[in-house]
2 protein chains.
Amino acid sequence: MIRIGIYGYGNLGRGVENAIKQNSDMELVAVFSRRDPATVKINTPGVSVYKTEDAEKMTDKIDVMIICGGSATDLPEQTPALAKLFNVVDSFDTHAKIPEHFDNVDKAATESGKIAMISVGWDPGMFSLNRLYGGAILPDGKDYTFWGKGVSQGHSDAIRRVDGVADGKQYTVPVDAALEAVRSGANPELTTREKHTRECFVVAKDGADKANIEEEIKNMPNYFADYDTTVNFISQEELNANHSGIPHGGFVIRSGKTGADLENSHIIEYSLKLDSNPEFTASVIVCFARAAARMSKEGMCGCKTVFDVPPAYLSAKSGAELRKELL
Amino acid sequence: MIRIGIYGYGNLGRGVENAIKQNSDMELVAVFSRRDPATVKINTPGVSVYKTEDAEKMTDKIDVMIICGGSATDLPEQTPALAKLFNVVDSFDTHAKIPEHFDNVDKAATESGKIAMISVGWDPGMFSLNRLYGGAILPDGKDYTFWGKGVSQGHSDAIRRVDGVADGKQYTVPVDAALEAVRSGANPELTTREKHTRECFVVAKDGADKANIEEEIKNMPNYFADYDTTVNFISQEELNANHSGIPHGGFVIRSGKTGADLENSHIIEYSLKLDSNPEFTASVIVCFARAAARMSKEGMCGCKTVFDVPPAYLSAKSGAELRKELL
C-alpha cells in the first residue's frame, strides 16, 4: 500500500481523497489543514485531520504527500519546504514561473533524497505531455492549445470584483471555426480573439447599473478586452441551479508534415471533456503519486515533472499485464 | 549525432529515411536490404546500401538499427538476432504475440547489453500509451479504440485474392453514431458491427461475375462477415487516381467517472488523422530511436516498449527547454 497524506483540504484535496478510494493500492493516512482540525470534516472514516505544523512529526507514516495549495502564494513556499521531509506531488500551474519553481524544489528534494513531482494535472500536465509527444513525432509542425468549454476561476473572480456585481461565473469557450481550421491542416496563425470567446453569467446587485457592469467587464484589460465577451444577467437562483459545477476541458492539437517534400499532413488531437476540473486534476495527481513512490523506492531523487515519468510507473498493473492488455 | 541504420527498405524504411532528415541530431549511415544493393535506389546522397548479412560488420558505425520488416515472419527472427549486435527499434504489431516477442527480444538484448524497443508506432504505440494514461487516470472507466478512416492492407490483400478481382482497396470506417455514444459518457457495449464499417473499391477482371465477387467479399469470415460492408466496382484508372494513398488514423477514448458517488463523467479522447500511415509510423519510430540511444548511453539494456520511456527522452530539447516551452 502507498500511504498518502493530503496537505490542504479544498476542492482539490477533496478530489484527491475521492481518487485514492478508486485505487486499491493506495490509502489515505492523514489530512493536514491550516484550519482548526476539529472544524474540518472529511469523507474517509478513521482518518484524522492534523494541523499543518504537525506534518513534520509524521515523516515515517507517509510515502507521498500531495500538496493541494494554490500556485500564487502557497506552493512556492510549501513544495520546497515539504520536499525536505517527504516525497511530494503538487499542481503548480503558473506556467511562466515553472522553471524557477523547479529550481527551488529540485534543490530541496536533491538534498533530502526525496522525489518531488511538480506541475501535475492536465494543463500543465497531460496537455504538456501531448505537446511534447506531438512535437517529438512531428518536428515540422505547429502546436495549438484550446481551453474549454469550462469555468475559469480567475475570470469568475474578476467579474465578482466589478462594482455592482453580487455573483458571477465565466466560461472560456473555444471557437469552432478556429478548431476546424486547425484540424484541416492549414496551420493558421490565430489571434487571441479568434481562438476563444468568453461567456459571463452575472448576478447584479439590486439597483446596480447593468449597462455599466457589462461595459466594465468587456473592457477589462488582460481578462476580457482581447476577447469577444458576452454578458448574461441572471438571478442568483438561476446561477446556483445551472452554473454551480466546475466543468472544464480543452484540446491540444499538433499539425505537422512528413515526406520527401513534406507533402503529407498529419493531425494529432488530444481532448478532454471534464465534469469536474478539480476531480480530474486530482485523478492525474494520484497516479503520478504512485509513480513518485516507485521512483523513490528505486533510489531516484530530485524534482521531476510529467516529462520524466516512464508511463508504466503510473499504472497499478505490472509490466507484463500492461504489454498483454494495453500494448 | 545519433547514427541510424535502416534494416529493410519498403514503405516504412523510406518513411524512416525521410523522418531522419527532419531531425537534425540524427543521421542515416546505412540501409540494409535483402535485394541486390545495386538495384536499391535510396533518397539520401552519400549513404550506401548493403546486403543484410553485412550488418554484423558495422556494429561500431551504428547507434540504433531501425528494423523495418513485417510482423508475420520478419521481425520474430530479425529483432532478437539484431538485438545481439545493436540497439534496435521495431514496429511489431501482432498484438496477441507481443508477450512472446518481448520475451525473445529481452533475452537477446539483456545478454548483449543493448536496448531493444519493440512495437513502436501508433497502434501498438501512441494508442497503447493513451490506453495506459487513460486507464491510470480514470480507473473506473472503459476504453474504446476505433480505427480509420483508413486503408487496411490486410483487408485489401484479402479482396485481391477473390476470384475475378484484378485490384482493390479496403477502407475501415468508424461509425459516427458509435463514436458519439462513447463521447456522451454512456459507456455503451458495442458489437464489432456497430463500431466499424468496411468500404471496398474493387476492379473486376474483364467478364468477371460482379454479383459473385460482392457476395464472396461480404461473406468472407474474419475479414468482412461481421461487418456492414459496401462494395464499389470502379475502373483501374479510378482506383489509381483516387485510392493510391495510404491514409489512416483512429480514436482512443477513455470514458470514466470520479467523485464520492462516481457522479462526475470525464472523456479523454486521442485521435489521429494521417495522410500517410507508414510515414507517421516512421516518425514515431525515429523519436523512440532517440530515446533508445539515450537509454543505452545511460547503461540500460533489455527489451523496452513505449510504456518504459520517459517522454523527455523522445525530444531533442533539453529538460530545461521542455519545462520552459511545453510544460
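In this report, we go over the structure that sits alongside the text. (Residues numbered from 1 in each chain as written. Chains lettered and ligands numbered in written order. Predicted model: local features only at pLDDT ≥ 70, side-chain atom pairs only at ≥ 80, totals over all residues. Heavy atoms only, no water.)

**Notes on the relation of the copies chain A and chain B**
Next, step 1: With an RMSD of 0.0 Å, chain A superimposes on chain B once it is rotated by 180 degrees and translated 0.0 Å along the axis. Such a combination of turn and shift is consistent with a two-fold rotation axis.
Next, step 2: Both copies contact each other with a shared surface, as 100% of the interface residues of chain A are interface residues in chain B too. (Least-squares fit on C-alpha atoms with pLDDT ≥ 70 in both. Contact = heavy atoms within 4.5 Å.)

**Some thoughts on the sheet that holds strand β13 (residues 264-274) of chain A**
Next, step 1: If you walk across this open sheet you meet the six strands as β7(A)-β12(A)-β13(A)-β13(B)-β12(B)-β7(B), and the pairing is antiparallel. The open sheet has two edge strands, β7 (141-147) of chain A together with β7 (141-147) of chain B, and neither has a second partner. Within this sheet the neighbouring strands show an average axis-to-axis angle of 10 degrees, counted without direction.
Next, step 2: In terms of strand pairing, strand β12 (residues 248-258) of chain B meets strand β13 (residues 264-274) of chain B through eleven bridges, oriented antiparallel. In the sheet register, F251 of chain B faces β13 of chain B, and the bridge partner there is S271 of chain B. (Pairing = 2+ DSSP bridges. Helix = DSSP H or I, 4+ residues; strand = E, 2+ residues; numbered from the N terminus. Axes fitted to C-alpha atoms, helices over the stretch in contact; angles between N-to-C directions.)

**Overview of the nonpolar core**
Next, step 1: Counting residues in hydrophobic clusters, the biggest one holds 158 residues, and the most contacted among them are F288 of chain A together with F288 of chain B.
Next, step 2: When neighbours within four sequence positions are excluded, F288 of chain A is seen to be in contact with V89, M117, V120, M126, L129, V306, V309 and L314 of chain A. (Core = buried A, V, L, I, M, F, W, Y, C linked by side-chain atoms within 4.5 Å. Buried < 20%, exposed > 50% of the residue type's maximum accessible area, 1.4 Å probe, protein only.)

**Some remarks on the pairing of strand β4 (residues 64-67) of chain A**
Residue and element names in this part refer to chain A.
Next, step 1: Judged by which residues are buried, β4 turns out to be covered on both faces: V64 and I66 on one side and M65 and I67 on the other are all buried.
Next, step 2: Judged from the four bridges that link them, strand β1 (residues 2-7) and β4 form a sheet pairing that is parallel. Across the sheet, residue G5 finds its bridge partner in β4, namely M65.
Next, step 3: Both β4 and strand β5 (residues 87-89) contribute to a ladder of three bridges, which runs parallel. Residue pairing for β5: M65 is matched across the bridge by V88.

**Quick notes on the sheet that holds strand β10 (residues 196-204) of chain A**
Residues and elements named next belong to chain A.
Next, step 1: Pairing in this open sheet of four strands is mixed, and the strands run β8-β9-β10-β11 from one edge to the other. At either end of the open sheet lies a strand with only one pairing partner, and these are β8 (150-151) and β11 (228-233).
Next, step 2: Packed onto the sheet, helix α5 (residues 153-160) meets β8, β9 (165-174) and β10 and runs at close to 145 degrees relative to β9.
Next, step 3: With respect to the sheet, helix α8 (residues 210-218) is in contact with β9, β10 and β11, its orientation differing from that of β11 by roughly 150 degrees.

**Brief notes about the interface of chain A and chain B**
Many authors give the size of an interface as the accessible area that is lost as the parts come together.
Next, step 1: Between chain A and chain B, the contact holds 63 residues from the first and 63 residues from the second.
Next, step 2: When chain A packs against chain B, close to 5500 Å² is buried across both sides, 62% of that on carbon and sulfur atoms.
Next, step 3: Counting residues per element, the ones that place at least two in the side of chain A that touches chain B are α3 (98-112), α4 (126-137), β12 (248-258), β13, α10 (277-297) and α11 (319-325) of chain A.
Next, step 4: The greatest single-element share of the side of chain A that touches chain B, amounting to eleven residues, is contributed by β13 of chain A.
Next, step 5: When its residues are assigned to classes, the side of chain A that touches chain B shows 32 nonpolar, 17 polar and 14 charged.
Next, step 6: Pairing analysis gives nine bridges linking β13 of chain A to β13 of chain B, with the strands arranged antiparallel. Counted as the bridge partner of L272 of chain A is I268 of chain B from β13 of chain B. (Buried area = accessible area lost by both parts, 1.4 Å probe. Nonpolar A, V, L, I, M, F, W, Y, C, P; charged D, E, K, R; others polar.)

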